[in-house]
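Coordinate inspection notes
So the chains spell out like this:
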Amino acid sequence: MRVAIAFGTRPEVIKIAPVYKEFKDKGLNPLMIATAQHREMMDTMLEVFGIKPDIDMNIMTHNQSLNAVASRILKNMDEILSQREIDILLVQGDTTSAMASALAAFHMGIRIAHIEAGLRSGNPRDPFPEEMNRMLIDRLADFTFAPTRRAKENLLKEGICEKKIFITGNTVVDAMKIIRERFNLSTIEYENYILVTMHRRENWGEKMRSVLAALKYFSKEHNLKIVFPVHKNPKVREVVYEALGNCENAILIEPVDYIKFLSLLENCVFVVTDSGGVQEEAPSFGKFVVVVRETTERPELIENRWGILAGTSKEKVYQSLEKALKFSPKKLKNPFGDGRASQRIVDIILNEGIKD
Ligand code: UD1
Ligand code: UDP
């Protein structure tokens, strides 16, 4: 059976890396197709996990539009897939790379497996365009790998056939396990800091400004530092540097590799983020998460009391930061997975993939 894996952004590499490793350990060589929707941020992660793409579309352009990204991927995928005999294409998550790659495979009659299926915020425009991307991929997919029971229920509610749904856990827990086994994460050059990341499209502009204003005020009041690896997106950088560039408590750094990011997580006081992946990682480090978004497709974090959905208003974010500071970590297991998701995914593909 010929398996291909398509990916293009930082979080996709992190979450497909353990699946790739699992295939390799079982003697299979999946065809690794990089869209390079992210150039530098994807490459950094590929290096950490020692993955060399077989094909690199190199599509990223400065300040790219969603339609430009999608159309370049569709065109490239058409050529790539028509030149090879692929039985199953794996995609992960909710990016334009995942959605357009899945659509291209569907057009060519190639079966699709979706890793991290079934997450839903309930608002088709938030996260935008990711909620819709994920729903589309789930409809196209022959295998939907739901990380949690709730994700499976979401798929069933939308009429996805139960035979296509497998609860596996989230592969991000496997990725963290790989890094923790190989590297010491205990030392970092900063102390007494809040770890911050923000990049979501629906937060661009005013919402991001009000979150950062609350953070600036809070950090000064409590004498805490802010360590913020700033996403490469120019729309994000503009606002972050304007809001925190002259704040003496804020340490603005370039995106860091996964080893360094997990070290930052291990050593921080708590986390403020609108990132999906970071929400799933923080519980493994006993860190509380202030989710600066209006909705979440990862309610398991809030229900298990590892985080608070703070919204983006200055007042609500400030109150949530106060709560985060009072949080005392408990030894709870990560609600998103147990570190064996990749093994389950590969076993299912190898056992079920040969059937029609
Ligand atoms: C994308 C995903 C989002 C995911 C995020 C992870 C979509 C629609 N969005 O958003 O779901 O959470 O990645 O980080 O798929 N840039 C660089 N170098 C890089 C990466 C980005 O310069 O390595 C700049 C470029 O100017 C690029 C811009 O950032 O045009 C935006 O990148 P893009 O992938 O379109 O959107 P993200 O906001 O990163
Ligand atoms: N991350 C990283 N370096 C950074 C910021 C984030 O390695 O400087 C990792 C983080 O651990 C998580 C992933 O990138 O696994 C999240 O990526 P992002 O927030 O860009 O995307 P999302 O998860 O929101 O789609």
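Here the structure is a predicted model, which is why all the values come from computation and not from measurement.

Moving on, we get to the overall build of the chain. In terms of regular secondary structure, the chain is built from 14 helices and 13 strands. Its C-alpha radius of gyration of 20 Å places the chain within 12% of the 21 Å reference for a compact globule of 356 residues. Taking the principal axes of the C-alpha coordinates as reference, the chain spans close to 60 × 40 × 40 Å. Of all 356 residues assigned to the chain, the portion counted as buried reaches 59%. In the chain, once contacts between residues fewer than 6 apart in sequence are set aside, the share between residues at least 24 apart is 67%. Carbon together with sulfur atoms contributes 48% to the accessible area of the chain, which is approximately 15,000 Å² in total. Side chains of the chain carry 50 positive and 48 negative charges; the gap between the two charge centres is 3 Å.

Structurally, Met108 can be placed in the loop between helix H4 (96-107) and strand E5 (111-115). Discounting chain neighbours no more than four positions away, the residues touching Met108 are Met77, Asp78, Leu81 and Ser82.

Near ligand 1 you find 24 residues, and of these His38, Glu40, Thr61, Glu130 and His199 are the closest. His38 has a polar side-chain atom sitting 2.8 Å from an oxygen atom of ligand 1. Between Asn233 and ligand 1, the recorded distance is 3.0 Å, taken from a side-chain N or O atom to an oxygen atom. Isolated, ligand 1 exposes 760 Å² of accessible area, and the fraction of that covered by the protein chains is 95%. Grouping the amino acids of the shell around ligand 1 by side-chain chemistry returns 6 nonpolar, 12 polar and 6 charged.

The next subject is the side chain of His114. Tracing the chain through its elements places His114 in strand E5. Its relative accessible area of 0% is what places His114 among the buried residues. At 2.7 Å, the side chain of His114 and the backbone oxygen of Gly93 are in polar contact. Excluding residues that lie within four positions of it along the chain, His114 makes contacts with Val91, Gln92, Gly93, Arg134, Ile137, Asp138, Ala141, Phe143, Thr144 and Phe145.

The next subject is the site of ligand 2. Around ligand 2 sit 17 residues in total, of which Arg10, Val256, Ser275, Gly277 and Glu281 are the nearest. In this structure, Val256 approaches ligand 2 through a main-chain N or O atom, which is 2.8 Å from a nitrogen atom. One nitrogen or oxygen atom from the side chain of Glu281 is found 2.4 Å from an oxygen atom belonging to ligand 2. If ligand 2 stood free it would expose 540 Å²; the protein chains cover 95% of that surface. Elements with a contribution of two residues or more to the shell around ligand 2: helix H1 (10-25), helix H10 (258-267) and helix H11 (276-281). The greatest single-element share of the shell around ligand 2, amounting to 4 residues, is contributed by H11. Its residues placed into classes, the shell around ligand 2 shows 9 nonpolar, 4 polar and 4 charged.

Between helix H8 (residues 206-221) and helix H13 (residues 314-326), whose axes approach to 8 Å, the crossing angle comes to 40°. If you check the angle between H8 and H13, you find them oblique. The two elements H8 and H13 meet at a crossing, and its hand is right-handed. Contacts between H8 and H13 involve Ser210, Val211, Ala213, Ala214, Leu215, Tyr217, Phe218 and Glu221 on the former and, on the latter, Lys314, Val317, Tyr318, Leu321, Glu322 and Leu325.

All right, on to the packing of aromatic side chains then. In total, this model carries 10 aromatic pairs according to the counting rule given. Taking the centre distance of 5.8 Å and the plane angle of 45° together, the rings of Phe145 and Phe166 count as tilted. Placement of the pair is Phe145 in strand E6 (residues 143-146) and Phe166 in strand E7 (residues 165-167), with a sequence separation of 21 residues. Phe166 shares its class with Phe145; the two are buried. Ring plane angle 75° and centroid distance 5.7 Å describe the contact between Phe218 and Tyr318, whose orientation is recorded as edge-to-face.

We now examine the sheet that holds strand E8 (residues 193-197). In space, the 6 strands of this open sheet follow the order E10-E9-E8-E11-E12-E13, with parallel pairing throughout. Edge positions in the sheet fall to strand E10 (250-253) and strand E13 (307-309), since each of these pairs with one other strand and no more. Neighbour to neighbour, the strand axes of the sheet diverge by 20° on average, direction disregarded. Two elements, strand E11 (residues 270-273) and strand E12 (residues 289-291), share 3 bridges in a ladder whose sense is parallel. Within E12, the residue paired with Thr273 across the bridge is Val291. Helix-sheet contacts for helix H9 (residues 234-244) involve strand E9 (225-229) and E10, and the interaxial angle to E10 is about 155°. Each of E11, E12 and E13 touches H13; the most contacted strand, E11, lies at about 155° to it.

Calculation rules
- Residues numbered from 1 in each chain as written.
- Chains lettered and ligands numbered in written order.
- Predicted model: local features only at pLDDT ≥ 70, side-chain atom pairs only at ≥ 80, totals over all residues.
- Heavy atoms only, no water.
- Helix = DSSP H or I, 4+ residues; strand = E, 2+ residues; numbered from the N terminus.
- Rg over C-alpha atoms; globule rule 2.2 N^0.38 Å.
- Buried < 20%, exposed > 50% of the residue type's maximum accessible area, 1.4 Å probe, protein only.
- Contact = heavy atoms within 4.5 Å.
- Areas by Shrake-Rupley, 256 points an atom, 1.4 Å probe, with all protein chains shown as cover.
- Lys, Arg positive; Asp, Glu negative; His and termini not counted.
- Charge placed at Lys NZ, Arg CZ, Asp CG, Glu CD.
- Near = heavy atom within 4 Å.
- Polar contact = N/O pair within 3.5 Å; in protein donor to acceptor, adjacent residues only side chain to side chain.
- Nonpolar A, V, L, I, M, F, W, Y, C, P; charged D, E, K, R; others polar.
- Axes fitted to C-alpha atoms, helices over the stretch in contact; angles between N-to-C directions.
- Parallel < 35°, antiparallel > 145°, perpendicular 65-115°, else oblique.
- Left-handed = near helix turned anticlockwise from the far one by under 90°.
- Phe/Tyr/Trp six-rings, centres within 6.5 Å; stacked < 30°, edge-to-face > 60°.
- Pairing = 2+ DSSP bridges.

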